[in-house]
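Listed below are the residues making up each chain.
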Amino acid sequence: MSQLIGVDLGGTAIKLGRFSLEGQLLDALEVPTPQPAMPGAVVMALVEAIETLDPERLAPWVGIALPGPMDASGRVARVCINLPGWEQVPLADWLEPQLQRQVTLANDGNSALMGEVWQGAAAGYSDVLLLTLGTGVGGGVLLDGQLLTGHGGAASEPGLICVNPEGPPCNSGNRGSLEQYCSISGLRRLRDLDPRELCQRADQGDPDALQVWETYGRWLGLGLSSLIYVLTPQLVLVGGGLSAASRHFLPAALRELEERVQAESRQGLELRGCALGNGAGRLGAARLALERFGQDRLG
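My aim in this report is to walk through the structure given alongside it, one point at a time. Numbering of residues begins from 1 in every chain and follows the order in which that chain's sequence is written. Reporting in this predicted model follows two pLDDT cut-offs: at least 70 for local features of residues, and 80 or more for side-chain atom pairs to be given and counted; totals over whole chains, interfaces and linings ignore these cut-offs and use all residues. Remark: hydrogens and water are excluded; side-chain values derive from all non-hydrogen atoms of the structure.

### Describing the side chain of Arg18
Move 1: You can see Arg18 is positioned in strand 2 (residues 13–19).
Move 2: Once residues lying within four places of it in the same chain are set aside, the contact partners of Arg18 are Gln3, Leu4, Gln24, Leu25, Leu26, Asp27, Leu53, Asp54 and Leu58. We count a stretch as a helix when DSSP gives it H or I for four or more residues in a row; a strand needs E for two or more, and each element gets its number in order from the N terminus. Pairs of residues are marked as contacts when any of their non-hydrogen atoms sit within 4.5 Å.

See the structure below:
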């Protein structure tokens, strides 16, 4: 029986998983991302890691999640803001001859969302907004059971919406984007501490730490309010490294939503953390490979 490989390419680590067609994790591997993460070096690392993970060549289909928009066909990484040299990189075309496997690409936020839809907190939902809170703020949107990718493949980037036109500049070219307030660097503008320590202090009842998370949650709620008016999802999920502190900031975000979003637009809305942690991206990338290459195998 055919298997699947899902890859989550990040700035510091490449996470790989080999899965059954039902989404069961059969084997996993994590390797460091080459530094600097130039496209040629990453291709070499990907080929070696995939062959190590699947030496018997049981998986003919590979899905790769990357931090940025892909073209509509899932062949070209159009830009990866935090990876050097990643502009219009035909990664699938480069990998397929070396791997002798079919390869498809996807945005990492979309991949995380598809992982949660397949095996996680979004299972059974048709309209979902996911935000990944970490080095940046990424995400994905599911509308009527379908990923929202836009006519050119670049949607959606919920972390790049503006919440303060006079705010700090963003690598995207925007100013005051949600990412500038709800990423790790945005959190550290409020209090220059490691987020884990800040969470621990809040757990211990430190009033300053609790206030920082309260402010963070209000910024998150501000950004979500605009997104909810447009999308009216059933479910909003938060993932990424900062979601480990969600108990300290989601209540503030929810209060902000209740103040800013009319009741009809948030009717039945649920707001909670993701279920799959750092494994969602590779699982979702594998699922997208199955959908694009193995339609006849879908259950």
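### Some points on the sheet that holds strand 10 (residues 146–147)
Move 1: Two strands make a pair as long as DSSP finds a minimum of two bridges between them. Here we have 5 strands laid out as an open sheet, ordered 10-9-8-11-12, and mixed in their pairing. Two strands close off the open sheet at either side, each with one partner strand: strand 10 and strand 12 (270–273).
Move 2: Every axis corresponds to a line fitted to the C-alpha atoms, with the helix fit spanning only the stretch in contact, and the corresponding angles, defined between N-to-C directions, vary from 0 to 180 degrees. Packing against the sheet, helix 3 (residues 108–119) makes contact with strand 8 (128–133), strand 9 (137–143), strand 10 and strand 11 (235–239), and its axis sits at approximately 50° to strand 9.
Move 3: Relative to the sheet, helix 7 (residues 207–231) contacts strand 8, strand 9, strand 11 and strand 12, its axis offset from that of strand 8 by approximately 150°.

### Some thoughts on the environment of Ile64
Move 1: As for its placement among the helices and strands, Ile64 is situated in strand 4 (residues 61–66).
Move 2: Residues Ile64 and Ile14, spaced 50 residues apart in sequence, show a C-alpha to C-alpha distance of 10.0 Å.
Move 3: Not counting the four nearest positions on each side in its chain, Ile64 is found in contact with Val7, Leu46, Leu91, Leu95, Val103, Thr104, Leu105, Ala106 and Ala285.

### Topic: the state of the cysteines
Move 1: Cysteine sulfur atoms are paired as a disulfide whenever they fall within 2.5 Å. Within the structure shown, the criterion is met by 0 disulfides.
Move 2: Looking at the unpaired Cys182, the closest cysteine sulfur is the one in Cys170, lying at 12 Å.
Move 3: Buried means the residue's accessible area, taken with a 1.4 Å probe over protein chains only, is under 20% of the maximum for its type, while exposed means over 50%, and partly exposed covers the values in between. Given the relative accessible area of 0%, Cys182 is considered buried.

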